[in-house]
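One letter stands for each residue in the lines below.
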Amino acid sequence: MQVQVHPHGSASMYKRVPSKDSTNSVDLEDDSALLQDGMVQESMDPPSRRSLPHVLVASIVSFLFGYHLGVVNEPLESIANDLGFSGNSLAEGLVVSTCLGGAFLGSLFSGYIADGVGRRRSFQFCALPMIIGACCSATSNNLTGMLLGRFLVGIGLGIGPPVASLYITEVSPPSVRGTYGSFIQISTCLGLMGALLIGIPVKSIPGWWRMCFWLSTIPSTVLALAMVFCAESPHWLYKKGRNTEAEVEFQKLLGATNVRPAMAELLKSDRGDENETVGISELLYGRHFRVVFIGSTLFALQQLSGINAVFYFSSTVFRSAGVSSNLANAFVGIVNLLGSIIALLLMDKLGRKVLLLWSFFGMAISTVFQVVAAGLFASTSGALYLSVSGMLMFVFCFAVGVGPVPGLLLSEIFPSRIRAKAMAFCMSVHWVFNFMVGLLFLRLLEVMGPQLLYSMLGTFCLVGVVFVKRNVMETKGKTLQEIEIALLPQQ
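Residues numbered from 1 in each chain as written. Predicted model: local features only at pLDDT ≥ 70, side-chain atom pairs only at ≥ 80, totals over all residues. Heavy atoms only, no water.

**Notes on the nonpolar core**
Line of reasoning, step 1. Counting 89 residues, the largest nonpolar core has Phe 123, Leu 223, Leu 298 and Phe 414 as its most contacted members.
Line of reasoning, step 2. Once you skip the residues sitting within four places of it in the chain, Leu 223 turns out to touch Val 57, Ile 60, Val 61, Leu 64, Phe 123, Cys 126 and Ala 127. (Core = buried A, V, L, I, M, F, W, Y, C linked by side-chain atoms within 4.5 Å. Buried < 20%, exposed > 50% of the residue type's maximum accessible area, 1.4 Å probe, protein only. Contact = heavy atoms within 4.5 Å.)

Printed below as a string of structure tokens:
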């Protein structure tokens, strides 16, 4: 790889030269000077305010993710009555889970879409089925129309979150990448809370559930339109050989003085194989297996911790303590949001690995509260308070680390060549385990009882502690290229 440097302007500072074998001493000196200059300049934090608007727009995907997962919870009874499947638990379950099936399908293709058309257009592609699907659900007069709408929305949800993690990681300066990555979890919390608040009038206003779906088209439309004005990922442009455009986008995101070191960082990990096709076999059996294994296992453990089941079961626990389901959901939502804000403040101070370790450990401790409450003080007020405390502690600990960190960490540790497709693969693992836990939790609760079930969930959390300790590297403050060089076996 040779680098040609022009002394003036940013029109074409970096050009790829096909020949790898004709490198001369002058080129090597230029490379060395460029990288050294880049390291000096990169010690100065780029102005994070430049990339903030782009990150905020990308975070709309996460808001929609949370909103659509929660939008049917409160209105489900009204939807069933109006569409004629009241009392049919299978149909009600399908209204909830069809979205997960669509998300799984969308996640399988998200990597190919992100690599094919770019990150910006991928956001617009994911917004389209969410708009159409929400309109289908809002206007449906039967179960079939509702399921079609939910499935289309799910496809958009499957495409969007992996691209959001990629985009935010690739456009954020290293010094605030963890903070900006935490916006994903915060936006998801806000989406869930928004769905809860908007669903409150559903029992008093006939047909209000249709308005719940109509309102979701507003942020989807804003996402599609606002992305026109956002920067494309310079990493994707460089991967496609569009170096001049990458420089222009870096200038938008980091400022003119930081373009040179940012481009120099891209050169550090360039192996000349960016345009080769990445297949599933290479992700599973090739030299990238280790990072893909780490990513898939983290997402699997995230779901096996039982967080979605805990969210589902929280209303029952709170009602046992004499608290209404609406108030219970509000408590869980507030604790979830509080934990996410703390994660935002600590992500770039303590680091990803520390937050993951303590998060998994705290979740394991909270399951001990649940086990003790279920076994020692059955039906007493002490047991109920202990159970509620354990529930809130579980949600808080999840929001501080296990919730926001995996999506950010994986987009950091995957090399640029496989980043989009590897994220898509790991998100598909996420959706499979999400579906399995949601499907089996209540059945396991009946068969195993709360003590044994929460013991099992706590065991998975402890496995998470051990796995993170042994396999996860700290990425705080490192550039994507430094992380790639550290993790990827050299050929």
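**Overview of a nonpolar patch on the surface**
Line of reasoning, step 1. A cluster of nonpolar side chains, Phe 104, Leu 105, Leu 108, Phe 109, Tyr 112, Val 432, Phe 435, Met 436, Leu 439 and Leu 440, forms an exposed patch at the surface whose accessible area comes to about 870 Å².
Line of reasoning, step 2. Elements represented by at least two residues in the nonpolar patch include exactly α5 (89-117) and α20 (419-471). (Patch = residues over 30% accessible without salt bridge, like charges linked within 9 Å, V, L, I, M, F, W, Y side chains within 5 Å. Areas by Shrake-Rupley, 256 points an atom, 1.4 Å probe, with all protein chains shown as cover. Salt bridge = Lys/Arg side-chain N within 4 Å of Asp/Glu carboxyl O. Helix = DSSP H or I, 4+ residues; strand = E, 2+ residues; numbered from the N terminus.)

**What to know about the pattern of salt bridges**
Line of reasoning, step 1. Under the defined criterion, the tally for this structure stands at 10 salt bridges.
Line of reasoning, step 2. The closest approach of N and O atoms between Lys 421 and Asp 115, which form a salt bridge, is 2.9 Å. Here Asp 115 lies in helix α5 and Lys 421 lies in helix α20, a separation of 306 residues in the sequence.
Line of reasoning, step 3. Exposure remark for Asp 115: the relative accessible area of 6% places this residue in the buried category.
Line of reasoning, step 4. A salt bridge links Arg 177 to Glu 412; the shortest N-O distance between them is 2.6 Å. Separated by 235 residues along the polypeptide, Arg 177 in helix α8 (residues 177-199) and Glu 412 in helix α19 (residues 405-413) bring together distant segments of the chain.

**Focus: the side chain of Ser 411**
Line of reasoning, step 1. Its place among the elements puts Ser 411 in helix α19.
Line of reasoning, step 2. Here Ser 165 takes part through its backbone oxygen, which lies 3.5 Å from a polar atom of the side chain of Ser 411.
Line of reasoning, step 3. Among all residues touching Ser 411, those that are not within four sequence positions of it are Ser 165, Leu 166, Thr 169, Arg 419, Met 423 and Leu 480. (Polar contact = N/O pair within 3.5 Å; in protein donor to acceptor, adjacent residues only side chain to side chain.)

**Thoughts on the environment of Val 71**
Line of reasoning, step 1. By the element assignment, Val 71 lies in the loop between α3 (60-70) and α4 (76-83).
Line of reasoning, step 2. Separated by 127 residues in the primary sequence, Val 71 and Ile 198 have C-alpha atoms spaced 8.4 Å apart.
Line of reasoning, step 3. Leave out the neighbours within four places in its chain, and Val 71 touches Arg 150, Ala 195, Cys 212 and Phe 213.

**Section: the packing of helix α17 (residues 352-375) against α19**
Line of reasoning, step 1. Remark: α17 packs on α19, axes separated minimally by 11 Å, with the N-to-C direction vectors making an angle of 145°. Crossing handedness for the pair α17 and α19: left-handed. Residues Arg 352, Leu 355 and Leu 356 of α17 form the contact with α19, whose participating residues are Val 405, Pro 406, Leu 408, Leu 409 and Glu 412.
Line of reasoning, step 2. When grouped by side-chain class, the residues that make up the contact of α17 with α19 number 6 nonpolar, no polar and 2 charged. (Axes fitted to C-alpha atoms, helices over the stretch in contact; angles between N-to-C directions. Left-handed = near helix turned anticlockwise from the far one by under 90°. Nonpolar A, V, L, I, M, F, W, Y, C, P; charged D, E, K, R; others polar.)

**Let's talk about the packing of helix α7 (residues 143-171) against α8**
Line of reasoning, step 1. Contact geometry for α7 and α8: axes closest at 9 Å, N-to-C directions at 155°. Judged on the interaxial angle alone, α8 and α7 are roughly antiparallel. In the crossing of α7 with α8, the sense of the turn from one axis to the other is right-handed. Contacts from Ala 164, Ser 165, Ile 168 and Thr 169 in α7 reach Arg 177, Tyr 180, Gly 181 and Ile 184 in α8. (Parallel < 35°, antiparallel > 145°, perpendicular 65-115°, else oblique.)

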